[in-house]
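These are the residues of each chain, in order.
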Amino acid sequence: MIKYNIVFASDENYLQHLSVGLASLLYNNSSLEFNIYIINGGIGVASWKKLKDICKDYNANIIDLCIDDGIFSNLILNHHFTKANYYRLLIPNLIEVDKVLYLDSDLVVHGSIKELYNTNLGDFYLGAVENPGFDRHSQLKMDNTSKYFNSGVMLINNFKWRESNLFSKVINFIKENKESIEFVDQCGLNGFINGNWKELPLKYNQQTIIFDKLFPEIFNCFSMSEIIEAKNRPIIIHFTGSSKPWHLRNKHPYKNKYWKYLNKSPFKNVFMIFFERFIRLINKTIILKQR
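What comes next concerns the included structure. (Residues numbered from 1 in each chain as written. Predicted model: local features only at pLDDT ≥ 70, side-chain atom pairs only at ≥ 80, totals over all residues. Heavy atoms only, no water.)

Another aspect to go through is the packing of aromatic side chains. Taken as a whole and assessed by the stated rule, the structure comprises 16 aromatic pairs. Between phenylalanine 215 and phenylalanine 222, the aromatic rings sit 6.4 Å apart at their centres with planes inclined by 20 degrees, giving stacked as the arrangement. On the basis of relative accessibility, which here comes to 1%, the residue phenylalanine 215 falls in the buried class. Overall, the relative accessible area of 9% leaves phenylalanine 222 in the buried class. Counting every residue linked through ring pairs, the aromatic cluster contains Tyr14, Trp246, Tyr258 and Trp259. Geometry around tyrosine 117 places lysine 99 over its ring, the cationic atom sitting 5.1 Å from the centre. The lysine or arginine in question, lysine 160, covers the ring of tyrosine 125, its NZ or CZ lying 4.8 Å from the ring centre. (Phe/Tyr/Trp six-rings, centres within 6.5 Å; stacked < 30°, edge-to-face > 60°. Buried < 20%, exposed > 50% of the residue type's maximum accessible area, 1.4 Å probe, protein only. Lys NZ or Arg CZ within 6 Å of the ring centre and 35° of its normal.)

As structure tokens, then:
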């Protein structure tokens, strides 16, 4: 039986959200056998037990890939981007299999990943979904015809990454083009790969921007049928943007899926805390309106 190699990358602060992605992946792919790799800069014993507990009822082997993330100290870091954003660049150096599926920690797997994982990458570095609205080709030294992908969901050709020494080249690209780097590793990967990646259907990385009413008029990167499919039958729901389902005022149409799978994880007590805050907010709003 084939083993599906899945990679998450996270620090301790994002484990609650990673648990949602992990729980949703296993729940919706219970017939598959997994190796789940967690690249991290240090996860406590109690937290690691929670992640293992998510996997215990499934055919899933969870593997702790703890690294010394000091190697990323001299790269671009701020309140939006931490060292954990660079962890995924290490995947081919840490995992010897030829292909892995990388998943961000702010998403929900809403269906089977079997067809996605079995996509033939050929000689491409990776398979991914286009990131709408990119127009900085010259800044990232990309050809004008090259498309820019979202790195939150990547089917990675580990063999080609290792063969090309991609890790070192992307890190050097980021260092040498600091003024042009907006989304750290994502910009670094796109700048170096320069279009040599396989386009995947939008349903495999449903990005929040597609729910904007004017999206089809402003962007022409996806067909209307692809947008409709991604909206109604997504395989992976990626909560892109600054507003996330765990924020009180978030209005994402699939935010309930986040809470559904959080409730299936050892972090489910967070749901009650959120619910209590939500009730307090509603009560406060009612009192203000009555004044």
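Among the five residues that make up strand β6 (residues 126-130), five are buried, leaving the element largely enclosed by the rest of the structure. As judged from the four bridges shared by β6 and strand β7 (residues 149-157), these two strands associate in the antiparallel manner. Counterpart to valine 129 in the pairing with β7 is asparagine 150. Where β6 meets strand β8 (residues 198-199), two bridges bridge the pair, whose relative direction is parallel. In the strand pairing of β8, glycine 127 is matched with lysine 198. (Helix = DSSP H or I, 4+ residues; strand = E, 2+ residues; numbered from the N terminus. Pairing = 2+ DSSP bridges.)

With that settled, consider the sheet that holds strand β5 (residues 107-109). The three strands lie next to each other as β5-β10-β9, forming an open sheet whose pairing is mixed. If you trace the sheet from one side to the other, it starts and ends with β5 and β9 (206-207), each paired once. In this structure, β5 lies alongside strand β10 (residues 236-238), joined through three bridges in antiparallel fashion. Opposite valine 109, over in β10, you have isoleucine 236 as the bridge partner.

Structurally, the position occupied by serine 265 is in the loop between α10 (255-262) and α11 (269-290). Taking relative accessible area as the criterion, serine 265 reaches 3% and is therefore assigned buried. Separated by 2.8 Å, the side chain of serine 265 and the backbone oxygen of leucine 262 make a polar contact. Apart from the residues within four sequence positions on either side, serine 265 is in contact with Ser19 and Ile54. (Polar contact = N/O pair within 3.5 Å; in protein donor to acceptor, adjacent residues only side chain to side chain. Contact = heavy atoms within 4.5 Å.)

So, about the pattern of salt bridges. Enumeration according to the criterion identifies twelve salt bridges in this entry. One salt bridge connects aspartate 69 with lysine 83, and the closest N-O pair in it is separated by 3.8 Å. With aspartate 69 in the loop between β3 (60-66) and α3 (91-94) and lysine 83 in the loop between β3 and α3, this residue pair connects regions lying 14 residues apart in the sequence. A salt bridge links lysine 147 to glutamate 199; its shortest N-O distance comes to 3.2 Å. Here glutamate 199 lies in strand β8 and lysine 147 lies in the loop between β6 and β7, a separation of 52 residues in the sequence. Judged by its relative accessible area of 32%, lysine 147 is partly exposed. If you follow the salt bridges from partner to partner, you end up with Arg88, Asp104 and Asp185 in one network. (Salt bridge = Lys/Arg side-chain N within 4 Å of Asp/Glu carboxyl O.)

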